[in-house]
Amino acid sequence: YLVGVGRADCTGPVAQVPLMGYAKTDQVGGGLLSRLYSRAFIVADPEGSSRVVFVSIDIGMVSQRVRLEVLKQLQSKYGELYRQDNVILSGTHTHSGPGGYFQYTLFWITSKGLVRPALSSIVNGIVKSIDIAHENMKKGRLFINRGTVENSQINRSPFSYLANPESERSRYSSNTDKEMVLLKMVDEDGHELGLISWFAVHPVSMNNSNHLVNSDNVGYASYLFEQEKNKGMLPGEGSFVAAFASSNLGDVSPNTRGPFCANTGESCDNPQSSCPVGGAAMCMAEGPGNDMFESTRIIGQNIYLKAKELYEEASQEVTGPLSSAHQWVNMSDVSVELNATHTVKTCKPALGHSFAAGTIDGVGAFNFTQGSVEGDPFWDQIRDQLLGEPSNETKACHSPKPILFSTGEMTWPHPWHPDIVDVQIAAIGSLAILAVPGEFTWVFLGSCSIYCSQISSKPPGTVLPAEQGRGSSGNPGCPWGYLRSTSSLSQNATQELPRGPEPPLFNVTNLTLLPSLSAENAPANKNFGDVLEEVRAEYREREVAGVTFVGANPRNSAENATEHNFLTVERYSSISSSWHVVLNDASWDTRW
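These numbers were taken from a predicted model, which means no experiment stands behind them.

**Student:** Got a minute to help me understand the packing of aromatic side chains in this structure?
**Tutor:** Each pair of aromatic rings is reported with the distance of its centres and the angle of its planes. Considering all chains together, one arrives at 17 aromatic pairs under this definition. Through pairs of rings, three or more aromatic residues link up here, namely Phe225, Phe240, Phe244, Tyr304 and Tyr311.

**Student:** How should the UniProt feature "active site" (unreviewed entry) in the protein chain be read in this particular structure?
**Tutor:** Under the feature "active site" (unreviewed entry), the UniProt entry names Ser253. The class of Ser253 is buried, set by a relative accessible area of 0%. Ignoring any residue separated from it by four or fewer positions in sequence, one finds Ser253 in contact with Ser152, Gln153, Ile154, Arg156, Val201 and Asp361.

**Student:** Would you mind showing me how to read the state of the cysteines here?
**Tutor:** When the sulfur atoms of two cysteines share a covalent bond, that bond is a disulfide. One pass over the full model with this rule turns up three disulfides. Paired by a disulfide, Cys261 and Cys275 hold their sulfur atoms 2.2 Å apart. Across the S-S bond linking Cys261 and Cys275, the dihedral sits near -110°, which makes this disulfide left-handed. Here Cys261 is found in strand β14 (residues 258-261), whereas its partner Cys275 is found in the loop between β14 and β15 (283-286), with 14 residues between them in sequence. With respect to burial, Cys261 and Cys275 carry one shared label: buried. Cysteine pairing in the protein chain follows 1-3, 2-4, 5-6, where each cysteine in a disulfide is numbered by its order in the sequence.

**Student:** I'm lost on the pattern of salt bridges in this one. Help?
**Tutor:** Pairing is possible between side chains of opposite charge, provided their charged atoms come close. Scanning the entire structure with this criterion turns up 26 salt bridges. Close ionic contact of Lys229 with Glu192 constitutes a salt bridge, the shortest N to O distance being 3.0 Å. Of the two residues, Lys229 sits in helix α6 (residues 216-229) while Glu192 sits in strand β11 (residues 192-198), which places them 37 residues apart along the sequence. With a relative accessible area of 24%, Lys229 lands in the partly exposed category. Salt bridges here are not isolated pairs; linked through shared partners, they connect Arg7, Arg39, Asp58 and Glu226.

What counts, and at which threshold
Residues numbered from 1 in each chain as written. Predicted model: local features only at pLDDT ≥ 70, side-chain atom pairs only at ≥ 80, totals over all residues. Heavy atoms only, no water. Phe/Tyr/Trp six-rings, centres within 6.5 Å; stacked < 30°, edge-to-face > 60°. UniProt positions renumbered as here; feature names shortened; annotations may be inferred. Buried < 20%, exposed > 50% of the residue type's maximum accessible area, 1.4 Å probe, protein only. Contact = heavy atoms within 4.5 Å. Disulfide = S-S within 2.5 Å. Helix = DSSP H or I, 4+ residues; strand = E, 2+ residues; numbered from the N terminus. Salt bridge = Lys/Arg side-chain N within 4 Å of Asp/Glu carboxyl O.

This is the structure in structure tokens:
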């Protein structure tokens, strides 16, 4: 193959913008722990026009708006070389990146609308990473390996999992998917280029009390691998690119100690994830570290060490043709034949009461609990008066899930939830990559192309965790769509696959509640950059060195699209009588 890799910054605004993931309105950015990157990989047929692009981005999920804008820029640069079918965009699902890059109303509520600097930083970072990969393409080889990762995840909905038939559960040794799949890339001379690792774990080691923008545990794994391979380089620099991408992480938590009541310390590992005092709001998962920073490092290092082992031992070469298929599907109106006598139909998306309860990784508000199979008259009445009652058709279709918000039937000021979604698959020889629009609890590559919500199989019982309280729970249309795309791919008939209904691109650029940036002035008798609290001359090992200086609103950096560090740490060399940068604001040892 011809192989190219590239990495580009996509951090965006690190202050005032709500973080995307926990849906917590007061969790806004207030600084930087690590920068966010887009990592692009291109594999092409050296003797033909076939190629596949895979991009892993340190964001919560890929929105329809992001994908449409990226593809528009790629078309203007490269014509039909990079298209809907052969470009896969995948979010790592960190819950600590800026929000505000969606066009559907549901996602505006906790993101203060559409935040153009955040959207532009993501789109431009993705395109730049693809540009770099495109420019650096060379003859290369791919190798695949797989192995088991231990002590890095738990099932955060174990009681729901137990509702699956025994015949289903007996097929697996665990209630989570512990397998890591790794793709190694080298050039024709064996020089290392990069890797993609897929492993099911939520990047939520950083909990919903965090206000520092960062890429969480999988980002820390990328940081460790890239620092090892790009010797002597600062984070974000160097040619080796390591992506730790999302997969079937729908119900998989990195908080391996499990859930405990924050007020009493007792376990709340029960079907409702609720505490005797304080209810569900007190039930939070912990660990494995003493705080969220240590937990991020522990899980990230576990993932990195397994990836390093698989990378070094990878010997199975990937060969064969390249192919890809894409189709837009109106997932609210799909008929699926389950068997010879039974056909079902999908319906408009809706959020259930369990959705509002959150999860043990990030609890919700008020008195909502997981496992709810009945609505609450109080909240249902408020919903009916403010937003309208769900239709009988939608209620029946989503049963037994009690509907809190019928988002598929809500259209003001714009539709609340997407119904047209991307169905996409790509093949690199014997490796097939299925890109899905949500957080699946099955084996898939998640949070790609457009984000709907969490998607899980419908259990035979009535256990409804947060995953099944969300919009597309038990949706049979998703596997149907991929079966159809896979069939076209295997029969080399992708040209015959209908494009499907194209999704809309709403004019929402001015709909934001984010306060505008105003002219700023330094305090009296001070200038921007003046040091208020200087570092000390000496520090003991493991002691924190801190400095305070006069600064402006850091949003200015993203608003003006400037690329620079907010801070650097320099070491003086007596040999050269000069200072050398040893850390920057992308380093995990700095906080700004």
